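Commentary on secondary and tertiary structure
Spelled out from the first residue to the last, the chains are:
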Amino acid sequence: MPSEKIENASNPFYKGFYVTDDLVNMGFKYVGENVKVAKNCTIIGLKNISIRSNVQIDENVFIVANKGFLDIGNHVHIGGACHLTCSGGITLADFCGLSQGVRVYSMTDDYTGYSMTNVTVPEKYKVLKISPVILESHVLIGSGSVVLPGVTIGIGSAVGALSLVTMSLEEWGIYFGAPAKKIKMRSKKILALEKRFLQEERQ
């Protein structure tokens, strides 16, 4: 481990992480214990973001929360190059994981052609869909997947890589595709492992 730290310290391509002691004075709504946020992330709207304990946010993550909110639970990992648009509110419950390049949108433009789009156009010419996104505990989203506004993904469900989630998903399923469809059930053994892990963590 010491040699790894020395190597990273001399590596100009590695920017490192802010940790809890750094983050608590940056203006976040809440920061728990053992939080790591990569230094090259872009995060807007710190006052609307709560981060519980044992959370890691990796490199090049882009979070926009100047409107709405982002509530991150305990033991959550957000992989590199994820994008979260939080105007309608995004909740990531305990033990959630976003793999690399996941996009979660709680606000989108209307694509039907009956209104204009993009941030350069005044809102009176646009029709925006703004609705909360909720990922319940133990939800896992695979690399490159997209989650759209108004979606709730039930406890324990997993979404395969490169999937498009347009509607809410039931608990304990494994989903894949565009749009995402259930392909089989996911094991609940993870709950027993969670219980044992939390017991050990408290010791």
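Please refer to the structure higher up on the page.
So, here is what we can say about the structure in this document. Since the model is a prediction, treat every value here as computed from it, not as a measurement.

Overview of the overall build of the chain
Looking only at helices and strands, one finds three helices and 23 strands in the chain. The principal-axis extent of the C-alpha atoms belonging to the chain is close to 60 × 40 × 30 Å. For the chain, long-range pairs separated by at least 24 residues make up 19% of all intrachain contacts whose partners lie at least 6 apart in sequence. Here the chain has roughly 11400 Å² of accessible surface; of this, 55% comes from carbon and sulfur atoms. With 21 positive and 18 negative side-chain charges, the chain shows a spacing of 4 Å between the two charge centroids.

What about the side chain of Ser53?
Along the chain, Ser53 turns up in the loop between β5 (49–51) and β6 (55–57). Assessed through its relative accessible area of 17%, Ser53 is described here as buried. Excluding its chain neighbours within four sequence positions, the residues that come into contact with Ser53 are Gly32, Glu33, Val35, Gly73, Asn74 and His75.

A few points about the sheet that holds strand β16 (residues 133–135)
Spatial strand order, β2-β5-β8-β11-β16-β19: six strands in an open sheet with parallel pairing. Two strands in the sheet have a free side with no partner beyond their single neighbour: β2 (30–31) and β19 (152–153). As paired strands, β2 and β5 are joined by two bridges and run parallel to one another. Each residue of the ladder has a partner; that of Tyr30, found in β5, is Ser50.

What about the side chain of His75?
Mapped onto the elements, His75 comes out in the loop between β8 (70–72) and β9 (77–78). Beyond its immediate sequence surroundings of up to four residues, His75 is in contact with Ser53, Asn54, Val55, Phe95, Cys96, Phe197 and Glu201.

Some remarks on the pairing of strand β22 (residues 173–176)
Here β22 shows a clear split, with Gly173 and Tyr175 buried on one side and none of Ile174 and Phe176 buried on the other. Judged from the two bridges that link them, strand β20 (residues 158–159) and β22 form a sheet pairing that is parallel. Within β22, the position partnered with Val159 by the bridge is Tyr175. Bridge count between β22 and strand β23 (residues 181–185): four bridges; the pairing is antiparallel. Its bridge partner being in β23, Phe176 is matched across the sheet by Lys181. The hairpin formed by β22 and β23 contains four residues between the paired strands, and Gly177 there has a positive phi angle of roughly 115 degrees.

So, the nonpolar core
With 40 residues, the main nonpolar core has Ile78, Leu84, Leu92 and Leu98 as its most contacted residues. Of all elements in the fold, only β3 (35–38), β5, β6, β8, β11 (90–92) and β16 reach the threshold of two or more residues within this core. By residue number, the principal contributor to this core is β3, which donates three residues. Sequence-distant contacts of Ile78, that is, excluding residues within four places in its chain, are made with Gln56, Ile57, Asp58, Val61, Ile72, Leu84, Leu92 and Leu98.

With respect to unusual backbone geometry
Looking along the chain, the bond that leaves Ala178 and enters Pro179 is cis, with omega of 5 degrees. Within the secondary structure, Pro179 is located in the loop between β22 and β23. In this structure, His138 takes a positive phi of about 65 degrees despite not being glycine. Inspection of the secondary structure puts His138 in the loop between β16 and β17 (140–141). Classification of His138 by relative accessible area gives buried; the value is 5%.

Some words on the packing of aromatic side chains
The full count for this structure, using the stated rule, is one aromatic pair. Taking 6.1 Å as the distance between ring centres and 75 degrees as the angle between the ring planes, the aromatic pair formed by Phe95 and Phe197 counts as edge-to-face. Taken together, the residues span a long stretch of sequence, with Phe95 in the loop between β11 and β12 (97–98) and Phe197 in helix α3 (residues 189–202) at a distance of 102 residues. Note on Phe197: relative accessible area 34%, which makes it partly exposed. When the ring centre of Phe17 is taken as origin, the NZ or CZ atom of Lys36, which lies over that ring, is 4.6 Å away. Positioned above the aromatic ring of Tyr18, the side-chain terminus of Lys39 is 5.4 Å from the ring centre.

The rules behind each value
Residues numbered from 1 in each chain as written. Predicted model: local features only at pLDDT ≥ 70, side-chain atom pairs only at ≥ 80, totals over all residues. Heavy atoms only, no water. Helix = DSSP H or I, 4+ residues; strand = E, 2+ residues; numbered from the N terminus. Contact = heavy atoms within 4.5 Å. Areas by Shrake-Rupley, 256 points an atom, 1.4 Å probe, with all protein chains shown as cover. Lys, Arg positive; Asp, Glu negative; His and termini not counted. Charge placed at Lys NZ, Arg CZ, Asp CG, Glu CD. Buried < 20%, exposed > 50% of the residue type's maximum accessible area, 1.4 Å probe, protein only. Pairing = 2+ DSSP bridges. Core = buried A, V, L, I, M, F, W, Y, C linked by side-chain atoms within 4.5 Å. Phe/Tyr/Trp six-rings, centres within 6.5 Å; stacked < 30°, edge-to-face > 60°. Lys NZ or Arg CZ within 6 Å of the ring centre and 35° of its normal.

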